[in-house]
Amino acid sequence: MASKDDIRKRINHLRTVTVQDSICSMSKDILTQLSSLSRFHYANTALLFWPLPGEVDLRGLIESSAKRIVLPVVVGDNLILREYSPEFMSIGKFGIHEPDERAREVAPEEIDFAVIPGVAFDRCGNRLGRGKGFYDKLLPALHCPKCGVAFSYQIFDDIPVDPWDIPMDVVVTESAVFQGNDIESIAI
């Protein structure tokens, strides 16, 4: 069985060699499935992420959604949730676009649905540990349905899940949706 370090190296390699057109195509498939989820459809306030290169690209959904969109921002050691507004965006750490200090701060309890992209999950929807510091600050604060989104190359069946990993209510890939702990894929 491969170690988590081996899996991380493989994911990073796949991210590097995956061409932008392929990422764009996969992102469109994921966005189609994501926007058809009833939990997302009925949410008034949704937490999304501005994408890192090589991850699921949610920018189209962020920029076009009629919902109230919240983006996470790391300020020093603190994690702050801010309301998305095009005029209040700036370039933050690692070149990621994020709302600046002029954007309204949002309490975690105001979020109805959280979409967590660019994270590796097992088939039961458990996070496999990428970005632990950041996600461990964010996920426990959210008491709403959580949707993990990932490219299928980030789904691995043979990785032990740490007990502190946080289950997602649903995981969406470009080829299948995994509902809760149901390991049967639902083809879209």
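Above this note sits the structure.
Residues numbered from 1 in each chain as written. Predicted model: local features only at pLDDT ≥ 70, side-chain atom pairs only at ≥ 80, totals over all residues. Heavy atoms only, no water.

**Student:** When you look at the overall build of the chain in this model, what are you seeing that I'm missing?
**Tutor:** A count of helices and strands for the chain gives five helices and ten strands. Within the chain, buried positions represent 48% of all 188 residues. Across the chain, the fraction of contacts at a sequence separation of at least 24, relative to all contacts at a separation of at least 6, is 62%. Working note: accessible area of the chain is about 9400 Å², and carbon and sulfur atoms make up 53% of it. (Helix = DSSP H or I, 4+ residues; strand = E, 2+ residues; numbered from the N terminus. Buried < 20%, exposed > 50% of the residue type's maximum accessible area, 1.4 Å probe, protein only. Contact = heavy atoms within 4.5 Å. Areas by Shrake-Rupley, 256 points an atom, 1.4 Å probe, with all protein chains shown as cover.)

**Student:** How should I be thinking about the pattern of salt bridges in this particular structure?
**Tutor:** Following the criterion strictly, the structure yields seven salt bridges and no others. When the shortest N-O distance is used, the salt bridge between D57 and R59 registers 2.6 Å. The class for R59 is partly exposed, based on a relative accessible area of 34%. For the salt bridge of R104 with E110, the shortest nitrogen-to-oxygen distance reads 3.4 Å. Accessibility expressed as a relative area gives 26% for E110, which makes it partly exposed. What emerges from the salt-bridge pattern is a single network uniting R68, E83, R104 and E110. (Salt bridge = Lys/Arg side-chain N within 4 Å of Asp/Glu carboxyl O.)

**Student:** For this particular structure, what's the right way to read the side chain of S85?
**Tutor:** Summarising the element assignment, S85 is placed in the loop between β3 (78-83) and β4 (89-91). Within the structure, S85 has its side chain in polar contact with the side chain of E87 (distance 2.9 Å). (Polar contact = N/O pair within 3.5 Å; in protein donor to acceptor, adjacent residues only side chain to side chain.)

**Student:** Honestly, the environment of T45 in this entry has me stumped. Any pointers?
**Tutor:** In this fold, T45 is placed in strand β1 (residues 45-47). With a relative accessible area of 6%, T45 lands in the buried category. Sequence-wise, T45 and I111 are 66 residues apart; in three dimensions their C-alpha atoms are separated by 5.2 Å. Those residues within four positions of T45 in sequence are excluded, and the remaining contacts are R68, V70, E110, I111, D112 and F113. Here the side chain of T45 touches R68 through a polar contact of 3.5 Å, side chain to side chain.

**Student:** Sorry, what's going on with the packing of aromatic side chains here?
**Tutor:** Evaluation of the coordinates by the stated rule reveals one aromatic pair. With a centroid separation of 6.0 Å and an interplanar angle of 65 degrees, the aromatic rings of F40 and F113 are classed as edge-to-face. Residue F40 is located in helix α3 (residues 38-42), and its partner F113 is located in strand β6 (residues 113-117); the two are separated by 73 residues in the primary sequence. One exposure class covers both F40 and F113, and it is buried. (Phe/Tyr/Trp six-rings, centres within 6.5 Å; stacked < 30°, edge-to-face > 60°.)

**Student:** It is not clear to me how the pairing of strand β9 (residues 176-179) should be interpreted in this structure. Could you clarify?
**Tutor:** As a general feature of sheets, a regular strand has side chains that alternate between the two faces. Note that strand β8 (residues 170-172) and β9 share three bridges and pair antiparallel. Bridging across to β9, V172 finds its partner in V177. Here β8 folds back onto β9 in antiparallel fashion, the turn holding three residues. (Pairing = 2+ DSSP bridges.)

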